[in-house]
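Fold and contact review
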Amino acid sequence: MTPTAMKVPPRFNIMKTRELGIVLALAALVLYTTINNPRFLSGQSIRDNLLNTAILAVMATGQAVVVITRNIDLSVGSVLGISAFAVATMMSDHPGLPMIVAILVGLAVGAAAGLLNGVLVRYGKVPALVVTLGTLYMYRGITYSWAGGSQVNADELPPHFLNFANANLLGVPWLVLIALVVVGATSLVMRNYRVGRELYAMGSSPQAAELAGIKVARNLLGAFILSGALAGLAGVLFAARFGTVDASAGNGYELNVVAAVVVGGVAVFGGSGTVWGAGLGALLLTVISSALAVLDINQFWQQAIVGALIILAICADRLVAVRIARSLRKKDSHG
Amino acid sequence: MAEASALLEVQDVTKSFGAVAAVQGVSFPLFGGEAHALVGENGAGKSTIVKMLAGVHQPDTGTLRLAGNDVTFAGPADAKAAGIAVIYQEPTLFPDLSVAENIAMGNQPLTRLRQIDRKAMHATAERLFRRLGVHLDPTRPARGLSIADQQLVEIAKALSSEARVLIMDEPTAALSAVEVARLFAVVRSLRDEGAAILFISHRFEEITELCQRVTIMRDGKHVATELVADLTVDDMIRRMVGRDLSALFPKQTVEPGEVMLEVDGLTREGVFRDVSFSVRAGEIVALAGLVGAGRSEVMQAVFGVDPYDSGTVRFQGKRLKPGSPRAAMAAGIALVPEDRRQQGLIMELSIERNVTLPRARKLARLGLLFGGAEREAALTWTQKLQTKLGSLSDAVGTLSGGNQQKVVLAKWLATGPQLLIVDEPTRGIDVGTKAEVHRLMSSLAADGLAVVMVSSELPEVLGMADRIVVLREGRVAAELTRAEATEESVMYAAMGQEVAA
């Protein structure tokens, strides 16, 4: 084996094409839609798409981290709901509170919800699917009984809170900026920091992670707290963007979030995929739904297309895995 | 040698799992600069000792003393921090992560921003591989590595932590002679630098070669701790088993019958080339050679698990359909794979389910499986093989390594094959069980079964085989009869010029 032949990292190339695939799909979709309706690429349309992506991308980031550890968090939709309702109620009762307090409270509510998920998964030794399915109903139930049929309307909220969704920093909306920071920072931690690699290791082989002395409990709780906190943050953004919040806010969101993560190339069995891939997945799903609207395609098709994308993503993972196995075997036999 | 103070001391430790006492009152010291062997039959409690030292299990009573101080390890992280590195029997790698990341996990080199320094990480991995004399790409994922390569990564991982105590639970089981020699050279240099080594192996020649002191265990109890120089191998075996082992290789001479299997010019590009041999009824043919010579791959192609590019396989005169294990099974061929955890058994299923799996169709009535027929078939074969088990409905994963191997054998013997292919039949099992497996193979051959055995253990090859086909780099290097075969002649053929040089 020559040194140069050894340097070819097959996984990296293929992984690259995995995220590249999403970018290409996105480009093709935008191109096709724009040809049919040039307004699709107008400033307002781009802005809407990015704003709609922001909330989904924030939640997909937390979800991706949890899925990478071979778990899942189905409660994020309900956490968004409880956080949105809590923050909206707080802001209507105390209109003087600055935005940063709203954000911190949202994060805290979500983190508490995530902590409960993590504790039940780790110490209750119950699969995450079951735990978070349970808390999905639980958190939603709490929100319903708290709201008691009432809702917080936009006119009850202070203007600085509502303006936050539309305000810019150097032309970039705050929502988009927050999503970018969340996706970027988390991607960086997952890629370049020890704790990130440990999370990948835990998903790749839970037994080996225990034997390697990785602080599995701490990391797992951390992953669930992150997912919860980001869902809580998404709740604040949701309340600021839509103004009207009732107990059903974010109902069914968890499926969009999981879909974004899977389409974004995070393996459902953990251990591989990237956070920024999940962010791209969120963008792709958002652009698809707005493109279908622009193209005047029945919106019922949207669900079928998202479903097809999920299946395609998983098939692509299988295909890549088989191809890696084959290329490695070939390399070994010549080595 | 500093006899005065032990680096690590196991003092009167006891550990029970439920009602089963795995380890009872075992004590022994590990000295710096010394390799210490831990021997015992499978189920003697060696792995439990390892897991206690690794912090996976905590002793019920008794203490561990590190450099004279009592220590308790709450988890593997504590043991690691105390400078104890463990190479487990079953590789514990992260398949999705790169080889370099696997090695560095937990103590990755960091840049000033506390990020992982990938360049340094890859350099470390390359340095360790150079020291071990292996060619592995540090950037490739661990998924898809052969068992031997996985074991080498494990070894590199243990070396990277610069441990004061290195514990190796059968590190050589999957390695070839050359790789073992390299590993021993590295272990010796670590030992001479003052590290304490705990070495577990079923190969006595390795123990006498590497170790100064040996602790013998039987049924969870401590039998003796002595200097290796004071003991003969026979002494060790006798104390381990508690009885004399009359013959380790009870080969019965059999008049070979008609030709059962004919392999002619079998080729798979890049793996093996032009492999030809035949096997008669009642004969045991061994495929010998170094790890990576293509032995298992040839037999997998014969059985139809892997494809081949050219050549023919005939069984009882009829050409066997390539690439179809089902056809091979229908013709009367059984294959007992090397990696029993991954390929041979379904760990979560019960013993009886595992035994009857290949025959499930035949046992089914109206397409449904009823417990009775299954249990009966499983009972017959597990009893014939003297498998030690609690209940047939227990999960296979709860059995010890040797007994798992017996279940794999039972599974395939229950199909009533005419040709049995066994890949490393006694890898990782103790001498007592080994002798039983050998006796069984011998008596099966005497009953007219044709046996092909792939084995890395020379004594086994020489002791059991009627004929030996030696492969080197995917080609037949020599075919030796029982009379011609000696340790030298087989190794010479397997390694080619390397021995002469």
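Only a predicted model underlies this, so the values are computations on that prediction, with no experimental measurement involved. (Residues numbered from 1 in each chain as written. Chains lettered and ligands numbered in written order. Predicted model: local features only at pLDDT ≥ 70, side-chain atom pairs only at ≥ 80, totals over all residues. Heavy atoms only, no water.)

1. Quick word on the overall build of chain A
Counting secondary structure elements, chain A contains 14 helices and two strands. Against the compact-globule benchmark of 20 Å for 335 residues, chain A has a radius of gyration of 21 Å, which places it among compact chains. Taken along the three principal axes of its C-alpha coordinates, chain A extends 70 × 55 × 35 Å. In chain A, buried positions account for 51% of the 335 residues. (Helix = DSSP H or I, 4+ residues; strand = E, 2+ residues; numbered from the N terminus. Rg over C-alpha atoms; globule rule 2.2 N^0.38 Å. Buried < 20%, exposed > 50% of the residue type's maximum accessible area, 1.4 Å probe, protein only.)

2. Concerning the sheet that holds strand β16 (residues 333–336) of chain B
All names here are of chain B. If you trace the six strands from one edge of the open sheet to the other, you get β16-β17-β18-β13-β19-β20, paired in mixed fashion. Either end of the sheet is taken by a strand with one partner, and the two such strands are β16 and β20 (475–481). With strand direction ignored, the average angle separating the axes of adjacent strands in the sheet is 15°. Relative to β20, strand β19 (residues 467–472) runs antiparallel, the two being bridged by six bridges. Bridge pairing in β20 places I468 opposite L480. (Pairing = 2+ DSSP bridges. Axes fitted to C-alpha atoms, helices over the stretch in contact; angles between N-to-C directions.)

3. Quick look at the side chain of D466(B)
All names here are of chain B. Following the sequence through the fold, D466 ends up in the loop between α17 (458–464) and β19. Among the residues examined, D466 registers a relative accessible area of 18% and is labelled buried. Once you skip the residues sitting within four places of it in the chain, D466 turns out to touch K251, G282, E283, I284, T481 and R482. (Contact = heavy atoms within 4.5 Å.)

4. A few points about the packing of aromatic side chains
Residue and element names in this part refer to chain B. Considering all chains together, one arrives at six aromatic pairs over all chains under this definition. Relative to F199, the ring of F184 has its centre 5.7 Å away and its plane inclined at 80°; by these criteria the two rings are edge-to-face. Here F184, found in helix α6 (residues 177–192), pairs with F199, found in strand β8 (residues 196–200); they are 15 residues apart in sequence, far enough to count as distant. Its relative accessible area of 1% is what places F184 among the buried residues. A ring pair is formed by F303 and W412, whose centres lie 6.3 Å apart and whose planes are at 90°; its orientation type is edge-to-face. Separated by 109 residues along the polypeptide, F303 in helix α9 (residues 295–303) and W412 in helix α15 (residues 401–413) bring together distant segments of the chain. Note on F303: relative accessible area 4%, which makes it buried. For W412, a relative accessible area of 9% corresponds to the buried category. (Phe/Tyr/Trp six-rings, centres within 6.5 Å; stacked < 30°, edge-to-face > 60°.)

5. Here we look at the nonpolar core
Nonpolar side chains in soluble globular proteins tend to end up buried together. Formed by 98 residues in total, the largest nonpolar core has its most connected members in M59(A), F161(A), I214(A) and F94(B). If you look at the next biggest cluster of nonpolar residues, it comprises 50 residues, including I116(B), A148(B), L159(B) and F204(B). (Core = buried A, V, L, I, M, F, W, Y, C linked by side-chain atoms within 4.5 Å.)

6. Quick look at the side chain of H36(B)
Residue and element names in this part refer to chain B. By the secondary structure assignment, H36 is in strand β3 (residues 34–39). Relative accessible area serves as the criterion here: at 1%, H36 is assigned to the buried category. At 3.1 Å, the side chain of H36 forms a polar contact with the backbone oxygen of P29. What H36 contacts, discounting residues up to four positions off in sequence, is F28, P29, L30, I197, L198, F199, C211, R213, V214, T215 and T225. (Polar contact = N/O pair within 3.5 Å; in protein donor to acceptor, adjacent residues only side chain to side chain.)

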